[in-house]
Protein chains: 2
Amino acid sequence: MTPRTPRPRERGIPEATVARLPVYLRALQALNERGTPTVSSEDLASVAGVNSAKLRKDLSHLGSYGTRGVGYDVDYLIYQISRELGLTQDWSVAIVGIGNLGRALANYGGFGTRGFRIAALLDADATVVGDKVAGLSVGHIDTLEAVVGEEAVSIGVIATPAAAAQGVCDRFVEAGVTSVLNFAPVVLNVPPGVDVRKVDLSIELQILAFHEQRKSDGHAGPEWAGPVEGPA
Amino acid sequence: MTPRTPRPRERGIPEATVARLPVYLRALQALNERGTPTVSSEDLASVAGVNSAKLRKDLSHLGSYGTRGVGYDVDYLIYQISRELGLTQDWSVAIVGIGNLGRALANYGGFGTRGFRIAALLDADATVVGDKVAGLSVGHIDTLEAVVGEEAVSIGVIATPAAAAQGVCDRFVEAGVTSVLNFAPVVLNVPPGVDVRKVDLSIELQILAFHEQRKSDGHAGPEWAGPVEGPA
DNA sequence: TAGATTGTTAATCGATTAACAATC
DNA sequence: TAGATTGTTAATCGATTAACAATC
């Protein structure tokens, strides 16, 4: 009753690969702007900051888009990665919490550019509502449900204080949003089917502090494996 | 009353574990504020958003800080994780690029609180230099080397436009900074021994877009094997 | 063809998870 | 003791890497 894998090309791109595709895309766009028509895995990997074996393995999950002996056509690979990432359509984004961070996000180039469209900026603070930010007028948080419905928002960005984040998230989810990007330092609870990604400054700092401490700590680099031991 | 840490414990905590320790720490601090004296791996895992097997495995890399049949002492575990992460000392941080993002970072609670100290805010724009942000006066980028030396800055935060990031990074590294947190959308080149962590809004958005697309795509969940494709 | 470079294989490494003996 | 929960084991899963046959 269970037919086997129906397709020759097995999909299901590994999560680690998905996380690197945007990096490759950015590197390719930089090459494209410099007018480079074609690039080898070695060169692209170097620009993207990975090794070439990993790059080729990653790209092989998308299909065979290179030419042996030649490399990859930059334009074509940009298109293929964009398509795979879902950037050939526009996703509507709503940002809640228009403090410094929300403003930084709204003004961030990455949003306006291909693939995303800011549908609304919302805040709970009446003194902020009505401000012009990145060419948009800040709306009141009470309009969240209406905006999500009318503008078909599929990605909600939370840039509120920690205490408000879960409440905003619940409202997003209830209104039909299925992807959330959370900048507030809390773990959000969401039902199955909703994706949450978290960007957390203090976690990044703490990870750096850990490694920084290791560097001082007797200066044992990444290679340190414990005391000298003889063969078993 | 037994000797608590009998031996130096084999070091070399897995990277994946290090990345979760800050999450556990935050969860423990929340429990602590609610006055919870003791917590089981099951409960702590639930607050931190992981499963309990992973939590116990992670904590086992630090040592045996729990009590069978009882759980973990919240205060004690906070202390042990803080120590492991290097948060029992203060790390000096300099932030370069005091636009909206830099201001958001400077005002972010996670900085001021235990473990980190903002030593300087720097910008290249003369109209920004002298501004008061988070109680500090913004300095000129030309003072970077002096500030890093005098304030013993060990973590550099880059919140500049992409085009300026590598140059600022080089100056940090040359001045002796060995950890960099980069918010600019570029891959930074650093010599061995320097750690770079990257926070990249547009990458996070693109990863969400990928999963969002999969949800629409015939609603096939993780198993979807792709559309029919033509011959190569 | 000869040289270059991909796409794939297979080995290795690291992370996750369930299960349970140890032990409070 | 009896119940609860840790810390560890071992199986599994997923990611990385080097090497090279395929092939442009």
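Bear in mind the structure is a predicted one, so any value in this text is a computation, not a measurement.

1. As for the relation of the copies chain A and chain B
Then, number 1: When chain A is fitted to chain B, the best match, at an RMSD of 0.0 Å, comes from turning it 180° and sliding it 0.0 Å along the axis. Seen this way, the second copy is the image of the first under a two-fold rotation axis.
Then, number 2: Both copies present the same face, since 93% of the interface residues in chain A are matched by interface residues at the equivalent positions in chain B.

2. Side note on the pairing of strand 4 (residues 91-96) of chain B
Residue and element names in this part refer to chain B.
Then, number 1: Taking burial as the measure, the 6 residues of strand 4 include 6 buried ones, the bulk of the element.
Then, number 2: Of the two faces of strand 4, the one holding Trp91, Val93 and Ile95 and the one holding Ser92, Ala94 and Val96 are both buried throughout.
Then, number 3: Pairing between strand 4 and strand 5 (residues 116-123): 6 bridges, direction parallel. When the sheet's bridge partners are listed, alanine 94 is paired in strand 5 with alanine 120.
Then, number 4: Bridge count between strand 4 and strand 9 (residues 153-158): 5 bridges; the pairing is parallel.

3. Side note on the protein's contact with DNA strand D
Then, number 1: Near DNA strand D, the surroundings consist of 26 residues, among which Arg20 of chain A together with Ser41, Lys57, Gly66 and Tyr72 of chain B are the closest.
Then, number 2: Here, DNA strand D places atoms within 4 Å of the protein, and 67% of those atoms are sugar or phosphate.
Then, number 3: Between DNA strand D and arginine 20 of chain A there is a distance of 2.8 Å, counted from a phosphate oxygen to a side-chain nitrogen or oxygen.
Then, number 4: Here a base nitrogen of DNA strand D and a side-chain polar atom of arginine 56 of chain B are 3.0 Å apart.
Then, number 5: Of all elements in the fold, only helix 1 (15-33) and helix 3 (52-60) of chain A together with helix 3 (52-60), strand 2 (66-67) and strand 3 (71-73) of chain B reach the threshold of two or more residues within the surface near DNA strand D.
Then, number 6: Residue contributions to the surface near DNA strand D peak at 4 residues, all from helix 3 of chain A.

4. With respect to the side chain of glutamine 213 of chain B
Then, number 1: With respect to the element layout, glutamine 213 of chain B can be found in helix 9 (residues 201-216).
Then, number 2: Assessed through its relative accessible area of 12%, glutamine 213 of chain B is described here as buried.

5. Thoughts on the UniProt feature "binding site: NAD(+)" (unreviewed entry) in chain A
Residue and element names in this part refer to chain A.
Then, number 1: The residues that UniProt annotates with the feature "binding site: NAD(+)" (unreviewed entry) are Gly97, Ile98, Gly99, Asn100, Leu101 and Gly102. Checking the named residues against the second largest pocket, the ones that line it are Gly99, Asn100, Leu101 and Gly102.
Then, number 2: For isoleucine 98, a relative accessible area of 2% puts it in the buried group.
Then, number 3: Excluding residues that lie within four positions of it along the chain, isoleucine 98 makes contacts with Arg103, Leu121, Leu122, Asp123, Val128, Val133 and Val138.
Then, number 4: Considering the arrangement of structural elements, one finds glycine 99 in the loop between strand 4 (91-96) and helix 5 (100-107).
Then, number 5: The class of glycine 99 is partly exposed, set by a relative accessible area of 34%.

6. A closer look at the pattern of salt bridges
Two side chains that carry opposite charge are able to pair once their charged atoms sit near each other.
Residue and element names in this part refer to chain B.
Then, number 1: Evaluation of the coordinates by the stated rule reveals 18 salt bridges over all chains.
Then, number 2: Between aspartate 131 and arginine 103 there is a salt bridge, with its nearest N and O atoms 3.2 Å apart. Of this pair, aspartate 131 sits in the loop between strand 5 and strand 6 (132-133) while arginine 103 sits in helix 5 (residues 100-107); the two residues are 28 residues apart in sequence, bridging distant segments of the chain.
Then, number 3: On the basis of relative accessible area, aspartate 131 is assigned to the partly exposed category, the value being 26%.

7. Focus on the protein's contact with DNA strand C
Then, number 1: As a structural note, the neighbourhood of DNA strand C is formed by 26 residues, with Ser41, Lys57, Gly66 and Tyr72 of chain A together with Arg20 of chain B the closest of them.
Then, number 2: Close to the protein, within 4 Å, the atoms of DNA strand C belong to sugar or phosphate groups at a rate of 67%.
Then, number 3: One of the side-chain N or O atoms of serine 41 of chain A is found 2.4 Å from a phosphate oxygen in DNA strand C.
Then, number 4: Counting residues per element, the ones that place at least two in the surface near DNA strand C are helix 3, strand 2 (66-67) and strand 3 (71-73) of chain A together with helix 1 (15-33) and helix 3 of chain B.
Then, number 5: With 4 residues, helix 3 of chain B is the largest single contributor of residues to the surface near DNA strand C.
Then, number 6: For the surface near DNA strand C, the residue count by class is 6 nonpolar, 11 polar and 9 charged.

8. Let's talk about the packing of helix 7 (residues 144-151) of chain B against helix 8 (residues 162-175) of chain B
What describes two packed helices is the angle between their axes and the distance between those same axes.
Residues and elements named next belong to chain B.
Then, number 1: Orientation of helix 7 relative to helix 8, taken along the N-to-C sense of each, is 40°, at an axis distance of 9 Å. Here helix 7 runs over helix 8; the crossing is right-handed. Counting all contacts with helix 7, which are made through Leu144, Glu145 and Val148, the residues of helix 8 involved are Val168, Arg171, Phe172 and Ala175.
Then, number 2: Its residues assigned to classes, the contact of helix 7 with helix 8 comprises 5 nonpolar, no polar and 2 charged.

Scoring rules and cut-offs
Residues numbered from 1 in each chain as written. Chains lettered and ligands numbered in written order. Predicted model: local features only at pLDDT ≥ 70, side-chain atom pairs only at ≥ 80, totals over all residues. Heavy atoms only, no water. Least-squares fit on C-alpha atoms with pLDDT ≥ 70 in both. Contact = heavy atoms within 4.5 Å. Buried < 20%, exposed > 50% of the residue type's maximum accessible area, 1.4 Å probe, protein only. Helix = DSSP H or I, 4+ residues; strand = E, 2+ residues; numbered from the N terminus. Pairing = 2+ DSSP bridges. Near = heavy atom within 4 Å. Polar contact = N/O pair within 3.5 Å; in protein donor to acceptor, adjacent residues only side chain to side chain. UniProt positions renumbered as here; feature names shortened; annotations may be inferred. 1 Å grid on protein atoms, 1.4 Å probe; cavity = no way out; pocket = protein on both sides within 12 Å on 5 of 7 lines; lining within 4 Å. Salt bridge = Lys/Arg side-chain N within 4 Å of Asp/Glu carboxyl O. Nonpolar A, V, L, I, M, F, W, Y, C, P; charged D, E, K, R; others polar. Axes fitted to C-alpha atoms, helices over the stretch in contact; angles between N-to-C directions. Left-handed = near helix turned anticlockwise from the far one by under 90°.

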